[in-house]
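Structural overview for review
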Amino acid sequence: MQIPRVLELYQGHPGVEKTATLLKEYATGRITLAGLHGSARAYVIEAIRKLHPTIHLIVVDEKEDAAYLLNDLENLTGDRDKPFEKRRVLFYPTSYRRPYDPEFTDNANVLSRAEVLNKISTWARDLLIITYPEALSEKVITRKTLKKNTLTLHEGEEISMDFLADMLNEYGFERVDFVVEPGHFAIRGGIVDVFSFSHEYPFRIEFDGDLAESIRTFDPASQLSIKRIQKVDLQPSLEKQTTIERSEERDRK
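Let us look at the structure shown here. Just so it is clear, the model here is predicted, and its values are computed rather than measured.

Taken together, three strands build an open sheet; the order of strands is 1-3-2 and the sheet is parallel. Only two strands of the sheet have a single neighbouring strand rather than two, namely strand 1 (55–59) and strand 2 (89–91). Each strand of the sheet is rotated relative to its neighbour by a mean of 20°, with strand direction disregarded. The sheet contact formed by strand 2 and strand 3 (residues 127–131) spans three bridges and is parallel. Its bridge partner lying in strand 3, Phe 91 is registered against Ile 130.

All right, on to the pattern of salt bridges then. The tally for this structure, following the rule as stated, stands at twelve salt bridges. For Arg 49, the salt bridge is made with Glu 46, and the minimal N-O distance between the two is 2.8 Å. A residue pair is termed a helical-turn pair when its members lie 3 or 4 positions apart in one helix, as Arg 49 and Glu 46 do in helix 3 (residues 40–51) at three residues. Per residue, the accessibility class of Arg 49 equals that of Glu 46, and both read buried. One salt-bridge network, held together by shared partners, links Glu 46, Arg 49, Arg 88 and Asp 126.

Relative to the elements of secondary structure, Thr 94 occurs in the loop between strand 2 and helix 5 (107–122). Note on Thr 94: relative accessible area 3%, which makes it buried. Within the local environment of Thr 94, its side chain forms a polar contact with the side chain of Glu 138, the two groups lying 2.3 Å apart. Ignoring sequence-local partners within four residues, the contact set of Thr 94 consists of Asn 109, Arg 113, Tyr 132, Glu 134, Ala 135 and Glu 138.

Criteria and thresholds
Residues numbered from 1 in each chain as written. Predicted model: local features only at pLDDT ≥ 70, side-chain atom pairs only at ≥ 80, totals over all residues. Heavy atoms only, no water. Pairing = 2+ DSSP bridges. Helix = DSSP H or I, 4+ residues; strand = E, 2+ residues; numbered from the N terminus. Axes fitted to C-alpha atoms, helices over the stretch in contact; angles between N-to-C directions. Salt bridge = Lys/Arg side-chain N within 4 Å of Asp/Glu carboxyl O. Buried < 20%, exposed > 50% of the residue type's maximum accessible area, 1.4 Å probe, protein only. Polar contact = N/O pair within 3.5 Å; in protein donor to acceptor, adjacent residues only side chain to side chain. Contact = heavy atoms within 4.5 Å.

This is how it looks when you write it as structure tokens:
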């Protein structure tokens, strides 16, 4: 039996229909489902999303369990083969390689967290966010502070390359020869490559003097351009900014 047909059967199940109705009526309530095994969880979750398209936060006990559920949902929805901007199934991990140790952050996870937060604030309200308690326990930067610390650069805008480099340093970016992961930036002649903490691919900004002549996304592995864009939002590491924000709050008290 094909996946669409199986999903239709789940959507028509009385228990799934009732769950979707309860979520619509009691958006802040808590619903517990039992007796689901294997991929049945993914089918029920996706069926509920189709009946009630909104932002659904699914919290499982552990990171490994979250990864299995994410894999099932990506296979079920076809998200695995879609570009990030079109995906509806997202993973919200902890930012640390070691539990609660800020000295050992994982930039790939920092990127995932930033992408999820960015989508929640800017994208359509139809998402499945998979996470676990350890990831939710981390504090995040406020929207006000994030906006204050985001540099938006438009194609054709005048900006000093030295100023841009200073801002990236202030935002916690590391200058390297070639960017390979979020948090890196490189300068070669009139070209600035920067891998933001909130985008899937790095950006290549070509300058003519102090004029940002063109902005493109590119593949860090092949160095080939992906597409030309009109503007780029450069955001700092959310975890580092959250630490700064908490320090400022303590100082004010």
